[in-house]
Structures are given as C-alpha cells and as structure tokens.
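Given next are the chains, with one letter for each unit.
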Amino acid sequence: MGLIGEVLMLPFAPVRGSLWAMKQVVNEAERQYYDPAVVRAELGRLEERLEAGEIDEAEFDRMEDELLDRLETAMTRGTGTGNNGTGQ
C-alpha cells in the first residue's frame, strides 16, 4: 500500500490498535482457560467440594465432564503452561 495508503489509513489506527489489544486479551484468556495445570487444580477443588458435601454426585459428574472436556481440548491443542500438552 505504501506511504499514501498508510496516510489514508491513519484515522483508523486507534481502531486497529483496539482490535489488536482485544485479540491479545482473548488469546490470554483462552490460554489460561485451557491450561492443563489450572484444569487439574479445578478438578481437585471439585472433588474436595463433593467430599465436603457442598455439591451432590449429579452436580459433580456434570462439572467433572466439563472440566475433562477442557482438559482433553488442552491436550489436543497443546496449550497452557501446565505440562505443554505432554500428558504427564
């Protein structure tokens, strides 16, 4: 596009910058959401809640399935900082 194109697009720079920032926030949120270490910790807390009687077996099963789905997705994507998708 060159210099003329850049000058013409200059008024849109704040929008492009805002879109970039939003994309970075979404990427970080997804990285944390699918982090295997985070999911495993949540599974542990869920089991503690079941043992403490805070939730019943049906609620535990439902929430466990959601967390296991997240863990499976994390492993197939290889995202997160927990174990780098190695399954160890």
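Placed above this text is the structure.
Reading the values: rules and limits
Residues numbered from 1 in each chain as written. Predicted model: local features only at pLDDT ≥ 70, side-chain atom pairs only at ≥ 80, totals over all residues. Heavy atoms only, no water. Helix = DSSP H or I, 4+ residues; strand = E, 2+ residues; numbered from the N terminus. Buried < 20%, exposed > 50% of the residue type's maximum accessible area, 1.4 Å probe, protein only. Contact = heavy atoms within 4.5 Å. Areas by Shrake-Rupley, 256 points an atom, 1.4 Å probe, with all protein chains shown as cover. Phe/Tyr/Trp six-rings, centres within 6.5 Å; stacked < 30°, edge-to-face > 60°. Core = buried A, V, L, I, M, F, W, Y, C linked by side-chain atoms within 4.5 Å. Salt bridge = Lys/Arg side-chain N within 4 Å of Asp/Glu carboxyl O.

Chemist: Outline the overall build of the protein, supporting the account with residue identities and numerical values.
Modeler: Assigned secondary structure in the protein consists of four helices and zero strands. Looking at the protein as a whole, 18% of its 88 residues are labelled buried. Long-range pairs, those at least 24 residues apart, make up 60% of the contacts in the protein with a sequence separation of at least 6. A total accessible area of about 6,500 Å² is found for the protein, and carbon and sulfur atoms account for 58% of it.

Chemist: Describe the packing of aromatic side chains, listing the residues and the values that go with them.
Modeler: Throughout the structure, instances matching the rule amount to one aromatic pair. Relative to Y34, the ring of Y33 lies with its centre 4.9 Å away and its plane at 85°, an arrangement referred to as edge-to-face. Overall, the relative accessible area of 41% leaves Y33 in the partly exposed class. By relative accessible area, Y34 is classed as buried at 19%.

Chemist: Break down the nonpolar core for me, with residues and values.
Modeler: Counting seven residues, the largest nonpolar core consists of V39, L43, L46, I55, F60, L67 and L71. Secondary-structure elements contributing two or more residues to this core are α3 (36-51) and α4 (57-77). Setting aside residues no more than four positions away along its own chain, I55 makes contact with L46, R49, L50 and F60.

Chemist: I'd love a proper account of the pattern of salt bridges, names of residues and values included.
Modeler: Summed over the entire model, instances satisfying the criterion amount to six salt bridges. Across the salt bridge formed by R77 and E30, the nearest N and O atoms sit 3.7 Å from each other. One end of the pair, R77, is in helix α4; the other, E30, is in helix α2 (residues 13-33), with 47 residues separating them in the sequence. With a closest N to O distance of 2.8 Å, R62 and E59 form a salt bridge. Here R62 and its partner E59 are both found in helix α4, three residues apart, which amounts to about one turn of the helix. It is possible to trace a salt-bridge network through shared partners that takes in E59, R62 and E66.

Chemist: Lay out the environment of T73 in plain terms, naming residues and giving numbers.
Modeler: Among the structural elements, T73 can be located in helix α4. Residues T73 and Y34, 39 residues apart in the sequence, show an inter-C-alpha distance of 7.2 Å.

Nothing here speaks to function; it is all geometry.
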